[in-house]
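# Analysis of the macromolecular model
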Amino acid sequence: MSHAILDLVEQVMSSPWLYVALFALALLDGFFPIVPAETSVITAGVFAASGETNLALVIVVAALGAFAGDHISYLIGNRSAGRLRDKKAFVWARGALAERGGLVLVVARYIPGGRTATTLTMGAVRHPLRSFTFFDAIAAGSWAVYSGLIGFFGGMAFENDPIKGLLLGLGIALSIAAVVEIVRWVRKRRAAIQVSPERLPADTSV
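One structure accompanies this document, and this report is about it. Computed from a predicted structure; not experimentally measured.

This paragraph deals with the packing of helix α4 (residues 55-79) against helix α8 (residues 114-124). Orientation of α4 relative to α8, taken along the N-to-C sense of each, is 50°, at an axis distance of 6 Å. Classified by the angle their axes make, α4 and α8 are oblique. As for the relative orientation of α4 and α8, their crossing is right-handed in sense. Between α4 and α8, the residues in contact are Asp70, Ser73, Tyr74, Ile76, Gly77 and Asn78 and Thr116, Thr119, Leu120, Met122, Gly123 and Ala124, respectively. Taken together, the residues of the contact of α4 with α8 break down into five nonpolar, six polar and one charged.

Put into structure tokens, the structure is as follows:
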């Protein structure tokens, strides 16, 4: 069974349509976050270690797709501002944007669901498109490099067993995502404690 799956994956990786598919998945992931874009880029990176795919092309195509998808999400947010204002993710992204500016877009690309909430929010609050484009180029490019290299190094570690290389790459990506979420949760807790009202001293008057 595993050999059949591996053969199928290898056929996909050797197809000239692979790069079109990677672009499309990265684009869709910008506004439809359940699309497995990151997994696809990591998988292509794994097979780049054995020469089945071109790592540089994988990274460039994934970055361009993510960049285009984020801009579509920005436009959706721009047109749907009224319906988004009360959404929990929108409120979080708006607060983060007010605190960190366009840099939050780079950070949010590594937070599951955060990238879409942030791009939609930046469109809804009419964040300057020029600034959005600048920070999104950094976000999409760094994400593509990160995903491609994780897969590539996983593939190099298990050159004769790409399935193990893929599992290693996905494990690293999930671990990094978990660390980001934990750090974000801890910072949120600390901020909540700091802004909580001090307890009033007991009245000792007689």
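The next point concerns unusual backbone geometry. The backbone phi angle of Arg126 is positive, close to 60°, even though this residue is not glycine. Looking at where Arg126 falls in the secondary structure, it is placed in the loop between α8 and α9 (129-157).

By the secondary structure assignment, Leu28 is in helix α2 (residues 18-29). Classification of Leu28 by relative accessible area gives partly exposed; the value is 36%. For Leu28 and Gly65, which are 37 residues apart along the polypeptide, the C-alpha to C-alpha distance reads 8.1 Å.

For side chains bearing opposite charge, pairing can occur when the charged atoms are close. Applying the stated criterion to the full structure yields three salt bridges. Linking Asp29 and Arg115 is a salt bridge whose minimum nitrogen-to-oxygen distance equals 2.5 Å. Here Asp29 is found in helix α2, whereas its partner Arg115 is found in helix α8, with 86 residues between them in sequence. For Arg115, a relative accessible area of 11% corresponds to the buried category. Glu38 is paired through a salt bridge with Arg115; the nearest N and O atoms lie 3.6 Å apart. Highlighted residues: Glu38 in helix α3 (residues 37-48) and Arg115 in helix α8, separated in sequence by 77 residues. One salt-bridge network, held together by shared partners, links Asp29, Glu38 and Arg115.

Conventions used here
- Residues numbered from 1 in each chain as written.
- Predicted model: local features only at pLDDT ≥ 70, side-chain atom pairs only at ≥ 80, totals over all residues.
- Heavy atoms only, no water.
- Axes fitted to C-alpha atoms, helices over the stretch in contact; angles between N-to-C directions.
- Helix = DSSP H or I, 4+ residues; strand = E, 2+ residues; numbered from the N terminus.
- Parallel < 35°, antiparallel > 145°, perpendicular 65-115°, else oblique.
- Left-handed = near helix turned anticlockwise from the far one by under 90°.
- Contact = heavy atoms within 4.5 Å.
- Nonpolar A, V, L, I, M, F, W, Y, C, P; charged D, E, K, R; others polar.
- Buried < 20%, exposed > 50% of the residue type's maximum accessible area, 1.4 Å probe, protein only.
- Salt bridge = Lys/Arg side-chain N within 4 Å of Asp/Glu carboxyl O.

The values reported here are purely geometric and, on their own, carry no functional implication.
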